[in-house]
Amino acid sequence: MTHPERSPPIESKVLAATLAHWCQEKKAEKIRAYAVGERLGVADYFLLVTGLNKSHVRALQNELHVRAKPLGLKHHRVEGSNLHWWVVMDFDDVVVHQLQPEARDYYDLDRLYTDCKELDWEAVALPVDVSAAEA
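Keep in mind that this is a model prediction, so the values were computed, not measured.

### Here's the deal with the pattern of salt bridges
Right, so step 1: Summed over all chains, the structure comprises nine salt bridges.
Right, so step 2: Between Arg 67 and Glu 25 there is a salt bridge, with the nearest N and O atoms lying 2.6 Å from each other. One end of the pair, Arg 67, is in helix H3 (residues 54-68); the other, Glu 25, is in helix H1 (residues 12-25), with 42 residues separating them in the sequence.
Right, so step 3: According to the relative accessible area criterion, Glu 25 is partly exposed, its value standing at 48%.
Right, so step 4: Linking Arg 67 and Glu 63 is a salt bridge whose minimum nitrogen-to-oxygen distance equals 3.2 Å. Here Arg 67 pairs with Glu 63, and both are found in helix H3, just four residues apart, close to one helical turn.
Right, so step 5: For Glu 63, a relative accessible area of 10% translates into the label buried.

What follows is the structure, given as structure tokens:
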């Protein structure tokens, strides 16, 4: 999905893979990237990750924010950061859902996107500047 008001610094598939890798480095679990562009039209990918608890979800949110900023990757206002039960970060082409295990089980978002193709984010080649970005 291309937004005419901005030129994305990286392709949406690479962005999804980059965010997934950053979450993995921060020990997130059950990382899944669903190609939702054709089905929903609001983003190209939904990234679902599980944080072990409130503090872990907060750390994941902070990691993405801090590592994305110097690369010019901006997100909209973060939703759910008051409780860190289910945090949503919207990077336009990629929306990241960071959930505690109980929230992931309760809302079962993975079931909603079973008909969407899953991105093999671990197989996506990342540009050196993106993969080397540190918090």
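From this point on, the discussion continues.
### Let's talk about the packing of H1 against H3
Right, so step 1: For the pair H1 and H3, the least separation of the axes is 10 Å and the interaxial angle reads 130°. Taken together, H1 and H3 sit at an angle that is classed as oblique. Once H1 is placed against H3, the crossing between them reads as right-handed. For the pair H1 and H3, contact is made by Leu 19, Trp 22, Cys 23 and Glu 25 and by Leu 60, Glu 63, Leu 64, Arg 67 and Ala 68, respectively.
Right, so step 2: Of the residues belonging to the contact of H1 with H3, the class tally is six nonpolar, no polar and three charged.

### A word on the confidence of the model for the chain
Right, so step 1: Of the residues in the chain, 88% have a pLDDT of 70 or more, and the chain-wide mean is 91.
Right, so step 2: Below pLDDT 50 for its whole length, residues 2-7 participates in five contacts with residues either more than four positions away or in separate chains.

### Some remarks on the pairing of strand E2 (residues 45-50)
Right, so step 1: Where burial is concerned, most of E2 is hidden: six out of the six residues are buried.
Right, so step 2: Burial of the side chains of E2 extends over both faces: Tyr 45, Leu 47 and Val 49 are buried on one face and Phe 46, Leu 48 and Thr 50 on the other.
Right, so step 3: As paired elements, strand E1 (residues 29-35) and E2 share five bridges and run antiparallel to each other. Note on E2: the bridge partner recorded for Arg 32 is Leu 48.

### Considering the sheet that holds E1
Across a sheet, strands are paired by hydrogen bonds formed along the backbone, either parallel or antiparallel in direction.
Right, so step 1: Taken in spatial order, the five strands of this open sheet run E3-E4-E2-E1-E5, and their pairing is mixed. Edge positions in the sheet fall to strand E3 (86-90) and strand E5 (118-119), since each of these pairs with one other strand and no more.
Right, so step 2: Inspection of the sheet shows E2 paired to strand E4 (residues 94-99) by six bridges, in the parallel sense. Among the inter-strand pairings, Leu 48 is bridged to a residue of E4, identified as His 97.
Right, so step 3: Sitting on the sheet, H1 is in contact with E1, E2, E4 and E5, with an inclination near 5° to E2.

### Focus on the environment of Pro 127
Right, so step 1: Among the structural elements, Pro 127 can be located in the loop between E5 and helix H6 (128-131).
Right, so step 2: Looking at Pro 127, the relative accessible area reads 31%, which means it is partly exposed.
Right, so step 3: Sequence separation of Pro 127 and Ile 10 is 117 residues, and the distance between their C-alpha atoms is 9.1 Å.

### Quick word on H1
Right, so step 1: The end-to-end C-alpha distance of H1 is 20 Å, a good match for the 20 Å that 14 residues give at a rise of 1.5 Å each.
Right, so step 2: For H1, the buried fraction is high: eleven of the 14 residues fall into the buried class.
Right, so step 3: Downstream of H1 by one or two residues, Lys 27 has phi in the positive range, about 70°.

Scoring rules and cut-offs
Residues numbered from 1 in each chain as written. Predicted model: local features only at pLDDT ≥ 70, side-chain atom pairs only at ≥ 80, totals over all residues. Heavy atoms only, no water. Salt bridge = Lys/Arg side-chain N within 4 Å of Asp/Glu carboxyl O. Helix = DSSP H or I, 4+ residues; strand = E, 2+ residues; numbered from the N terminus. Buried < 20%, exposed > 50% of the residue type's maximum accessible area, 1.4 Å probe, protein only. Axes fitted to C-alpha atoms, helices over the stretch in contact; angles between N-to-C directions. Parallel < 35°, antiparallel > 145°, perpendicular 65-115°, else oblique. Left-handed = near helix turned anticlockwise from the far one by under 90°. Contact = heavy atoms within 4.5 Å. Nonpolar A, V, L, I, M, F, W, Y, C, P; charged D, E, K, R; others polar. pLDDT = per-residue confidence, 0-100. Pairing = 2+ DSSP bridges. Expected span 1.5 Å × (residues − 1).

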